[in-house]
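In case you want the letters, here they are:
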Amino acid sequence: MENFFSKPSIKERLVEIEKRIEKLEAEGKKILPVAHERFQAFDLTPIESVKVLILGQDPYHRQNQAHGLSFSVKKTVPIPPSLKNIFQELSVDLECTAPQTGDLTSWAKQGVLLLNTILTVEEGLPLSHKDLGWQEVVSLYLKELLEKQKPLAICLWGQEALKFFTPLMKFMCPEHILFISSHPSPLAAHRGFLGSRPFSKINAFLKEKKLKEIAWHKLEID
């Protein structure tokens, strides 16, 4: 993380984004997630440890939900509909009990980069920060990740994730694999996400590459 975010061009972009956020907060806007959680995905899953990428769009926009990891919520927060469908597919795919907590921190610690393309949102207003500049930073980060040419499973769930990632596909190498399906939201999950079995397929890929598989069903591990 430090090498990427210490680059002068990246630092300049982040300073500009932060200034815009500070201006919004000065106007009384509540920005989610809170400042110290905005880079959780990078902090918990350093670039050298990434084995899986699950790309989301922007953070949950309701109070206390977002904490810097795509699709994840804090342990005390009810599990959102999209994550319920993710857990439903997980339980069928791996023949296990669906997790009872929506906190995916353990996935992140095992090498699953849970990254949104937009890192902040105004409370109650989804996609409100789509023009803040986050996508450019995230795109450059993913380019650097792909250029490392290490085994990487990439999950693109939904048209927006696919659209965002398509320009980056030219940086992929034979060590990478794509898993593309519909979004796990209630409106789209039945169009291809449910039944796609991404978790077992990812673990089969990791095993083939002689990497440690993800304990998807264990969300309470350190």
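In what follows, the structure referred to is the one given above.
It should be emphasised that the depicted structure is a prediction, and the values quoted were computed from it without experimental measurement.

A. Spatial organisation of the sheet that holds strand E3 (residues 112–116). An order of E3-E2-E5-E6 is seen for the four strands of this open sheet, with the pairing classed as parallel. In the strand order of this sheet, the two ends are held by E3 and strand E6 (176–181), each with one partner. In this sheet, neighbouring strand axes are inclined to one another by 20° on average, regardless of whether the strands run parallel or antiparallel. Strand direction decides the pairing type here: strand E5 (residues 152–157) and E6, joined by six bridges, are parallel.

B. A look at the pairing of E3. Of all five residues that make up E3, five are buried, and the element is covered over most of its length. Bridging between strand E2 (residues 52–56) and E3 involves five bridges; their strand directions are parallel. Its bridge partner being in E3, leucine 55 is matched across the sheet by leucine 115.

C. A look at helix H2 (residues 8–26). Along its 19 residues, H2 runs 27 Å from first to last C-alpha, staying within 8% of the 27 Å computed at 1.5 Å per residue. If you check which residues of H2 are buried, you get Ile10, Leu14, Ile17, Ile21 and Leu24. Axial view of H2: buried residues confined to an arc of 75°, hence all on one face. Exposed residues pointing more than 90 degrees away from the buried face of H2 are listed as Pro8, Glu12, Lys19, Lys23 and Ala26. Immediately downstream of H2, the backbone of glycine 28 shows phi near 95°, a positive value.

D. How the structure looks around the side chain of threonine 101. You can see threonine 101 is positioned in the loop between helix H4 (81–94) and helix H5 (105–109). Accessibility expressed as a relative area gives 9% for threonine 101, which makes it buried. Only 3.3 Å separates the side chain of threonine 101 from the backbone nitrogen of aspartate 103, close enough to count as a polar contact. Apart from the residues lying within four places of it in its own chain, the contact partners of threonine 101 are Lys75, Ile79, Phe87, Leu219 and Glu220.

E. Broad picture of the nonpolar core. With 64 residues, the main nonpolar core has Ile54, Trp107, Leu142 and Trp216 as its most contacted residues. Considering each element in turn, this core owes the most residues, seven residues, to helix H6 (residues 134–146). Sequence-distant contacts of leucine 142, defined by excluding residues within four places in its chain, comprise Leu53, Leu55, Leu113, Leu115, Phe164, Phe165 and Leu168.

What counts, and at which threshold
- Residues numbered from 1 in each chain as written.
- Predicted model: local features only at pLDDT ≥ 70, side-chain atom pairs only at ≥ 80, totals over all residues.
- Heavy atoms only, no water.
- Pairing = 2+ DSSP bridges.
- Helix = DSSP H or I, 4+ residues; strand = E, 2+ residues; numbered from the N terminus.
- Axes fitted to C-alpha atoms, helices over the stretch in contact; angles between N-to-C directions.
- Buried < 20%, exposed > 50% of the residue type's maximum accessible area, 1.4 Å probe, protein only.
- Expected span 1.5 Å × (residues − 1).
- Arc of directions from axis to C-beta.
- Polar contact = N/O pair within 3.5 Å; in protein donor to acceptor, adjacent residues only side chain to side chain.
- Contact = heavy atoms within 4.5 Å.
- Core = buried A, V, L, I, M, F, W, Y, C linked by side-chain atoms within 4.5 Å.

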